[in-house]
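Spelled out from the first residue to the last, the chains are:
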Amino acid sequence: MVGMTGLGAWSVVLAVAVLRPRIRSPNLIVALFLAAAAATFALTDWRIGVALFGISGLIWVAAVSISRVPRLFGPTVLVLVGLFLGSFWYPLYDPMVESLPLLGLPYLLLRGYALLDDARQGIAVPRWPVTMVHLVPVHQVIAGPIEPLALTESHLREPGPPLDFERFVRGLDRVTNGFVKKLVLSELLFQTFRFQFQSSGMELVLELVAQALWFYLDFSGYMDIVIGAGTWMGWEPPENFDWPYSSRNIVQFWTRWHITLGDFIRNRLFNPMNITLQRGWFRGRPLVAGIVCYFVCMTWCGLWHRPNFQFMVWGALHGTAIAVFKAFEMLLLRRIGRQGVARWNANWGVRALSTAMTFAFVTTTFLFVVRPPLEAVSILSRVVMP
Amino acid sequence: MSAMPRLVRVFREVFDDETLTVTAGTTAKDVVGWDSLTHVSLIVAVESEFGIRFSSSEINGMANVGELLRLVEAKTA
């Protein structure tokens, strides 16, 4: 059954790839992507399609209203938050509602928020069919990336080049990479380690590292598949990963891991919140304002992944780490000056140590995602006290 | 008259460096310490210096000092 569904979904992708270059009208290109999304939902679970398209329709109505009456933005965002929480805590919690958070709702709501924000500022004109394709993009509905409406419009404006051999192979390369990462390498890691965290000492360290690699392979593998499918369909999404585990600090990590989410947090949450605080309560105290914003934004980031205590703690830990790093960086700048910081950053020993520390932190905090905080601390204590 | 000299003064105050040189082509990558946190401090300082306000999209969309200068000059014209 799953195999047939997968085959059907890939047939839809290839049909779009073949048909799109033959279509000249932008409106028909939009219609093709709408039809492709509808067909995919019909092949998987039509109720999820109805729910996601229904919510998208409401967001479109809200965006049009906000572009005329900007003060509706706040109440509408509260409704989006309610929808998000309701999808997890719906009293009936039937299988369809349970699968909504796993099948694209969190991403749809982020795209929706960005759309409403742009409508409020008058920089997005939400036209109905394009908005629907933007909110429910057939090849990236489940887990992003998160793009602004203007970028979706640019993907759909031109017919796109024909699916020639070069483009087919480029797409196939990414799709194959993705499947190898997701179905072979991450599965191999899971079958080898099982991630029960019963071990101690170096064995436990190895298990934590393997889990971090598993998270990376699973998510970046998914992104490879999405980018490959997008390459075939003439709608290539932006890269979402850039060697995140080689980051030399936690700020850099968030520019290399789930890049479009990092951009969303910086542009849609951190900057507006920080500027509001620095214009008002925290005028002249940028570091304090920044610390508050890092903590709030990253805690939100945790809750967005899943609104439970474990993810909240994970997000708060990352927010705290970013705040500590920023405070350290500012202190360093005051102590050794701009040229001293440049020399510090160029030092290979510092670079190696900070990269190792960042990887250790990221790896350790992933444990808080899969285990309650006290249990995670207890497990971690076995690294040094077997 | 160009707003550039006043803008350079704001940069030097925010980055606490009297020798700092910025041109229209300068980007965040060219100045040590110009990150998302300092960017907002810079924006607030520019707003205060010129008595203007930037929108979120303007703050997010500035690619270099030249674009900041263009916005300042458009808002103070």
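Throughout what follows, the structure given in this document is the object of discussion. Within every chain, residues take consecutive numbers counted from 1 along the sequence as written. Written order determines the labels here, with chains lettered from A and ligands numbered from 1. Per-residue local features are limited, in this predicted model, to residues with pLDDT of at least 70; the limit for side-chain atom pairs, both in listing and counting, is 80 or more; totals at the level of whole chains, interfaces and linings are taken over all residues. The side-chain values count all of the structure's non-hydrogen atoms but skip hydrogen atoms and water molecules.

Moving on, we get to the overall build of chain A. What counts as a helix is a DSSP run of H or I of at least four residues, what counts as a strand is a run of E of at least two, and both are numbered from the N terminus. On a plain count of helices and strands, chain A comes out with 16 helices and 0 strands. Against the compact-globule benchmark of 21 Å for 386 residues, chain A has a radius of gyration of 22 Å, which places it among compact chains. Projected onto its principal axes, the C-alpha positions of chain A cover 60 × 55 × 50 Å. Taken over 386 residues, chain A has a buried fraction of 50%. Note on contacts: a residue pair is in contact if any heavy atoms of the two residues lie within 4.5 Å. Long-range contacts, defined here as pairs at least 24 residues apart, represent 71% of the contacts in chain A between residues at least 6 apart. Method for areas: the Shrake-Rupley scheme with a 1.4 Å probe, in which residue coverage is limited to the protein chains shown. A total of about 18700 Å² of accessible surface is found on chain A, and carbon and sulfur atoms cover 70% of it. Taking the average location of the 32 positive side-chain charges in chain A and that of its 22 negative ones, the two points are 10 Å from each other. Note that the radius of gyration is over C-alpha atoms, with the globule rule given as 2.2 Å times the number of residues to the power 0.38. Burial classes: relative accessible area under 20% of the type maximum marks a residue as buried, over 50% as exposed, and values in between as partly exposed (1.4 Å probe, protein chains only). A positive count includes Lys and Arg, and a negative count includes Asp and Glu. His and the chain ends are not counted in either. Charged side chains are reduced to one point each, which is NZ for Lys, CZ for Arg, CG for Asp and CD for Glu.

Residue and element names in this part refer to chain A. Each nonpolar core is a collection of buried residues, namely Ala, Val, Leu, Ile, Met, Phe, Trp, Tyr and Cys, held together in the definition by side-chain atoms within 4.5 Å. Counting residues in each nonpolar core, the largest one holds 102 residues, and the members touching the most others are Phe33, Ile59, Trp254 and Trp257. Considering every element that reaches this core, the biggest residue donor is helix 10 (residues 201-233), with 15 residues. Excluding anything up to four places from it in sequence, Phe33 contacts Val16, Arg20, Val133, Val138, Leu156, Met233 and Trp235.

Right, let's talk about the packing of helix 6 (residues 105-120) of chain A against helix 7 (residues 128-135) of chain A for a bit. Residues and elements named next belong to chain A. Their axes nearest at 9 Å, the elements helix 6 and helix 7 cross at an angle of 140 degrees. With respect to helix 7, the axis of helix 6 lies oblique. Contacts from Leu108, Arg111, Gly112 and Leu115 in helix 6 reach Thr131, His134 and Leu135 in helix 7. Residue classes follow a fixed rule: Ala, Val, Leu, Ile, Met, Phe, Trp, Tyr, Cys and Pro count as nonpolar, while Asp, Glu, Lys and Arg count as charged, and any other residue, Gly among them, counts as polar. Per-class residue counts for the contact of helix 6 with helix 7 are 3 nonpolar, 3 polar and 1 charged. Whenever a helix is involved, its axis is fitted only over the stretch in contact; in every case the axis is a line through C-alpha atoms, and angles between N-to-C directions fall within 0 to 180 degrees. Here is the rule for angles: anything less than 35 degrees is roughly parallel, anything more than 145 is roughly antiparallel, 65 through 115 is roughly perpendicular, and the remaining ranges are oblique.

Moving on, we get to the interface of chain B and chain A. Every contact between the two is made by 22 residues of chain B and, on the other side, 24 residues of chain A. Buried area is a sum: the accessible area each of two parts loses on coming together, probed at 1.4 Å, counted once for each and added. Here chain B and chain A share an interface that buries about 1800 Å² over both sides, 55% of which is from carbon and sulfur atoms. Of all residues in chain B, Val32, Leu37 and Val40 of chain B bury the most surface against chain A, accounting for 33% of the area lost on that side. For this document, the term salt bridge refers to a Lys or Arg side-chain nitrogen within 4 Å of an Asp or Glu carboxyl oxygen. At the junction of chain B with chain A, the criterion picks out 3 salt bridges. A salt bridge links Arg279 of chain A to Glu47 of chain B, with the nearest nitrogen and oxygen atoms 2.5 Å apart.

Okay, helix 12 (residues 259-279) of chain A next. A turn of α-helix holds 3.6 residues, and therefore any two residues three or four places apart point the same way. Here the expected length of a helix is defined as 1.5 Å per residue gap, with one fewer gap than residues. In this model, helix 12 of chain A (21 residues) spans 28 Å end to end at C-alpha, consistent with the 30 Å of a helix rising 1.5 Å per residue. Bending is quantified residue by residue as the angle between axes fitted to the seven-residue window ending at that residue and the seven-residue window starting at it. Along helix 12 of chain A, the sharpest kink reaches roughly 35 degrees, centred on Phe270 of chain A and followed within four residues by the proline Pro272 of chain A.

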